[in-house]
Amino acid sequence: MRKLLLTAAAMFGLAGTAWAEDEFVTFMKARGEYHEVMSKEQAQMLQDEENDESLVTLRRAGLTPDTAQKAVWALNHKPQSSCAIKAGDIVNLTQMARAAPDNPATAYSPDTDVILIERNHLCDRNMLDR
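Only a predicted model underlies this, so the values are computations on that prediction, with no experimental measurement involved.

Participant: Whenever I open this one, unusual backbone geometry confuses me. Can you help?
Facilitator: Most peptide bonds take the trans form, and the phi angle of most residues other than glycine is negative. Despite not being glycine, His121 shows a phi value in the positive range, around 50°. Assignment of secondary structure puts His121 in the segment after helix H6 (111-119). Take His121: its relative accessible area is 45%, and that puts it in the partly exposed class.

What follows is the structure in structure tokens.
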């Protein structure tokens with residue numbers, strides 16, 4: 001249940017706008033599944049922590065500081081962009097690999113994704129709308 005709540009909070013952050021949060025809340029209330037668990041301040045603190053962790057993970061994976069910062073921005077504001085999708089892959093698959101280091105099914109090397117992002121400039125402003 002906690003993981004579901006954290007995932008929902010992360011999705012709020014990825015949406016990046018109050019409108020998306022309001023739409024989600026309205027949808028969940030209509031289904032009778034909405035329970036206010038945290039305040040907006042708590043949700044923002046959680047989002048800030050997640051952004052910091054994502055930034056560190058992306059930097060450790062090999063992205064340049066500028067590209068890693070743009071990727072975190074894309075994760076929050078342009079989640080459908082190629083930059084956000086690849087950066088999300090790096091963050092999520094790296095976390096999975098850390099959670100189960102002895103499981104070959106979770107083995108992951110971000111090298112290919114890092115090269116793809118950097119070489120194709122996926123996180124540059126002109127590429128984010130593609």
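Participant: Teacher, can you tell me more about helix H4 (residues 65-77) here?
Facilitator: If you check H4, its first and last C-alpha atoms are 18 Å apart, about what 13 residues at 1.5 Å a residue would give, namely 18 Å. For H4, the full list of buried residues reads Thr67, Ala68, Ala71, Val72, Ala74, Leu75 and Asn76.

Participant: I would appreciate a short explanation of the packing of helix H3 (residues 40-61) against H4 in the present structure.
Facilitator: Helix-helix packing is described using two parameters, namely the angle between the two axes and the distance between the axes. Two elements in contact, H3 and H4, have axes whose closest approach is 9 Å; the angle formed by their N-to-C orientations is 140°. Relative to H4, H3 is oriented oblique. Note that H3 runs across H4; the crossing there is right-handed. Of H4, the residues touching H3 (which contributes Gln47, Asn51, Ser54, Leu55, Leu58 and Arg59) are Pro65, Ala68, Gln69, Ala71, Val72, Leu75 and Asn76. Classifying every residue of the contact of H3 with H4 gives seven nonpolar, five polar and one charged.

Participant: Where do I start with the confidence of the model for the protein in this structure?
Facilitator: Detailed reading of the predicted model is not advised wherever pLDDT is low. On average, the protein scores 82 in pLDDT, and the residues at 70 or more come to 76%. Within the protein, H4 carries the highest mean pLDDT (95), whereas helix H1 (residues 2-15) carries the lowest (52).

Participant: In this structure, what is going on with H3? I would like to understand it.
Facilitator: The α-helix advances 3.6 residues per turn, and as a result positions three or four apart in sequence lie on the same side. The terminal C-alpha atoms of H3, which comprises 22 residues, lie 31 Å apart, in line with the 32 Å expected from a rise of 1.5 Å per residue. Looking at H3, one finds that the buried residues are Gln47, Asn51, Ser54, Thr57, Leu58 and Ala61. Down the axis of H3, the buried set is contained in an arc of 130°. They therefore lie on one face. H3 presents Glu41, Met45, Asp52 and Arg60 as exposed residues on the side facing more than 90 degrees away from its buried surface. A positive backbone phi angle near 125° is found at Gly62, which sits one or two residues after H3.

Conventions adopted
- Residues numbered from 1 in each chain as written.
- Predicted model: local features only at pLDDT ≥ 70, side-chain atom pairs only at ≥ 80, totals over all residues.
- Heavy atoms only, no water.
- Helix = DSSP H or I, 4+ residues; strand = E, 2+ residues; numbered from the N terminus.
- Buried < 20%, exposed > 50% of the residue type's maximum accessible area, 1.4 Å probe, protein only.
- Expected span 1.5 Å × (residues − 1).
- Axes fitted to C-alpha atoms, helices over the stretch in contact; angles between N-to-C directions.
- Parallel < 35°, antiparallel > 145°, perpendicular 65-115°, else oblique.
- Left-handed = near helix turned anticlockwise from the far one by under 90°.
- Contact = heavy atoms within 4.5 Å.
- Nonpolar A, V, L, I, M, F, W, Y, C, P; charged D, E, K, R; others polar.
- pLDDT = per-residue confidence, 0-100.
- Arc of directions from axis to C-beta.

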